[in-house]
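Reading the structure
Okay, here's what each chain looks like letter by letter:
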Amino acid sequence: TQLLEQSPQFLSIQEGENLTVYCNSSSVFSSLQWYRQEPGEGPVLLVTVVTGGEVKKLKRLTFQFGDARKDSSLHITAAQPGDTGLYLCAGLPTSGTYKYIFGTGTRLKVLA
Amino acid sequence: KAGVTQTPRYLIKTRGQQVTLSCSPISGHRSVSWYQQTPGQGLQFLFEYFSETQRNKGNFPGRFSGRQFSNSRSEMNVSTLELGDSALYLCASSLGGAYNSPLHFGNGTRLTVT
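What this report covers is the structure whose coordinates are included nearby. Because the structure is a prediction, the values reported are computed rather than measured.

The next thing to look at is the state of the cysteines. Disulfide: a covalent bond formed between the sulfur atoms of two cysteine residues. Counting across every chain of the model gives two disulfides over all chains. Covalent S-S linkage joins Cys 23 of chain A and Cys 89 of chain A, the inter-sulfur distance amounting to 2.0 Å. Disulfide Cys 23 of chain A-Cys 89 of chain A: the torsion about the S-S bond is 80°, which places it as right-handed. Separated by 66 residues along the polypeptide, Cys 23 of chain A in strand S3 (residues 19-24) and Cys 89 of chain A in strand S9 (residues 85-93) bring together distant segments of the chain. Cys 23 of chain A sits in the buried class, given a relative accessible area of 0%. Accessibility expressed as a relative area gives 0% for Cys 89 of chain A, which makes it buried. Residue pairing for Cys 23 of chain B: its cysteine sulfur links by disulfide to Cys 91 of chain B, the two sulfurs lying 1.7 Å apart. Disulfide Cys 23 of chain B-Cys 91 of chain B: the torsion about the S-S bond is -50°, which places it as left-handed. With Cys 23 of chain B in strand S3 (residues 19-24) and Cys 91 of chain B in strand S9 (residues 87-94), the pair connects residues that are 68 residues apart, well separated along the chain.

What follows is the structure, given as structure tokens:
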């Protein structure tokens, strides 16, 4: 069974702090997405990474795909209350099946 | 471009009943996936349809079924409801043809089984 482990599970920080969320697996993925979900809504896509070692930036968010395409990280600089939410990573296995594997999720709360 | 629309948003059913949930994908998207989200298990894959065919299936009992119509709209049916079926059911659409075509989610149907 392919699993994507996210850490930490919960994170409560003050506005202005930096943080990193990790997404790890023993499996190789064709691509990996990061989503953010707010209460009462569906997950919203933040980024897709495809190439091993790829780094993408979205304002204060920096995403990195591991060289071996088995892991990824999300770094938030100077977190704001608007960053509060559930962060999910999702990988598409290389097996050819179009069946995304979702991470266990990281619930982030940024306090003003 | 309209997003993914799921109806209804909320549903309350009794054990033993059945329920049908609906999903209208983004125009042009041919793949529709269904997920069950619970606090304890996270997002669990139910099944994926592409051009009216079930292409992938998760590890859920046969009480969970789905279908996709020629206009790519999809329905999910759960029969003989159990208390443990209470969850947020999310539908996601995508182009489905490339390994990097991401999922676009609806806001879900919150099902409560009493």
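Here we come to the packing of aromatic side chains. All names here are of chain B. Under the criterion given, the structure shown has nine aromatic pairs over all chains. Ring geometry for Phe 60 versus Phe 64: centroids 5.2 Å apart, planes at 65°, classification edge-to-face. On the basis of relative accessible area, Phe 60 is assigned to the buried category, the value being 17%. Overall, the relative accessible area of 4% leaves Phe 64 in the buried class.

To continue, consider the pairing of strand S4 (residues 29-37) of chain A. When a strand is regular, its side chains alternate between the sheet's two faces. Residue and element names in this part refer to chain A. When you tally the buried positions in S4, you get eight out of nine residues, the bulk of the element. Of the pairings in the sheet, the one linking S4 to strand S5 (residues 44-49) comprises five bridges and is antiparallel in character. The partner of Arg 36 across the bridge, within S5, is Val 44.

Basis of the calculations
- Residues numbered from 1 in each chain as written.
- Chains lettered and ligands numbered in written order.
- Predicted model: local features only at pLDDT ≥ 70, side-chain atom pairs only at ≥ 80, totals over all residues.
- Heavy atoms only, no water.
- Disulfide = S-S within 2.5 Å.
- Helix = DSSP H or I, 4+ residues; strand = E, 2+ residues; numbered from the N terminus.
- Buried < 20%, exposed > 50% of the residue type's maximum accessible area, 1.4 Å probe, protein only.
- Phe/Tyr/Trp six-rings, centres within 6.5 Å; stacked < 30°, edge-to-face > 60°.
- Pairing = 2+ DSSP bridges.

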